[in-house]
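# Coordinates in review
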Amino acid sequence: MTITGDHGADPAKVFAQETNGEIDVVRARRETPGCANVLHFNNAGAALMPERVVEAVIRHLELEETIGGYEAAERAEDAINRVYEAIAQLINCQPQDVAIVENATRAWDMAFYGFDFQASDRILTAKAEYASNYLAYLQIAQRTGAVIDVVPYDESGQISVPRMAEMIDEKVKLIAITHVPTNGGLVNPA
Ligand SMILES: Cc1ncc(COP(=O)(O)O)c(C=O)c1O
């Protein structure tokens, strides 16, 4: 999605109008200069940044340098609010349900450590769970006596939904699986 420089237009609408709702790969490559240097398959926070993202970040830092952090945030308020609206539209929730933090691990930890785990509470997870999520389970297991149970794969390598159903009982406090784990192309039937 492109964020326009004038901060005036709704990025979701601009995207829909400019692209007919489809990603124009040629344009996306053109707007992502790093594509000229590398074949880069890593995504999300580790992706090559599009030019407009780099520009927006630098512009905001320069604004902070010029007028101060709170003042810059105030001036960018409309644009920032539109990010919450666009994300809510994308994942089908309300803008107030969206929290933006610095990275996925931090976001996960904030939610996970909010649970009040007790001894013998069970956490169901998958073999391909992301390592930093799993580290948090291990820490809670050590600290509280909660139990981590790993749901087996089915023959395709995805988490086995029937096996998971069998493993659910009243002690299960959390079922936490990564939908699309790092590497390998696995997509779990989340
Ligand atoms: C499946 C999955 N979850 C979480 C993360 C963590 O992302 P972050 O570096 O934003 O904490 C990654 C990073 O590669 C990931 O692949």
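See the structure above.
Okay, so let's go over this structure. (Residues numbered from 1 in each chain as written. Predicted model: local features only at pLDDT ≥ 70, side-chain atom pairs only at ≥ 80, totals over all residues. Heavy atoms only, no water.)

### Digging into the site of the ligand
Taken together, the neighbourhood of the ligand is formed by Asn103, Ala104, Thr105, Tyr130, Thr178, Val180 and Thr182. Taking Ala104, its main chain carries an N or O atom lying 2.8 Å from an oxygen atom of the ligand. Between the ligand and Thr105, the relevant distance is 2.6 Å, taken from an oxygen atom to a side-chain nitrogen or oxygen of the residue. Coverage of the ligand by the protein chains reaches 63% of its 400 Å² of free accessible surface. If you map the ligand onto the pockets, it falls in the second largest pocket. (Near = heavy atom within 4 Å. Polar contact = N/O pair within 3.5 Å; in protein donor to acceptor, adjacent residues only side chain to side chain. Areas by Shrake-Rupley, 256 points an atom, 1.4 Å probe, with all protein chains shown as cover. 1 Å grid on protein atoms, 1.4 Å probe; cavity = no way out; pocket = protein on both sides within 12 Å on 5 of 7 lines; lining within 4 Å. Sits in = over half its atoms within 2 Å of the grid points.)

### Description of the pattern of salt bridges
For the structure on display, the rule yields seven salt bridges. Across the pair Arg27 and Glu31 runs a salt bridge, and its minimum N-O distance is 2.8 Å. Of the two residues examined, Arg27 and Glu31, each falls in the buried class. A salt bridge links Arg163 to Glu166; its shortest N-O distance comes to 2.7 Å. Pair noted here: Arg163 and Glu166 are both in helix α8 (residues 161–167), with a separation of three residues, about one helical turn. (Salt bridge = Lys/Arg side-chain N within 4 Å of Asp/Glu carboxyl O. Buried < 20%, exposed > 50% of the residue type's maximum accessible area, 1.4 Å probe, protein only. Helix = DSSP H or I, 4+ residues; strand = E, 2+ residues; numbered from the N terminus.)

The analysis is restricted to geometry; functional conclusions fall outside its scope.
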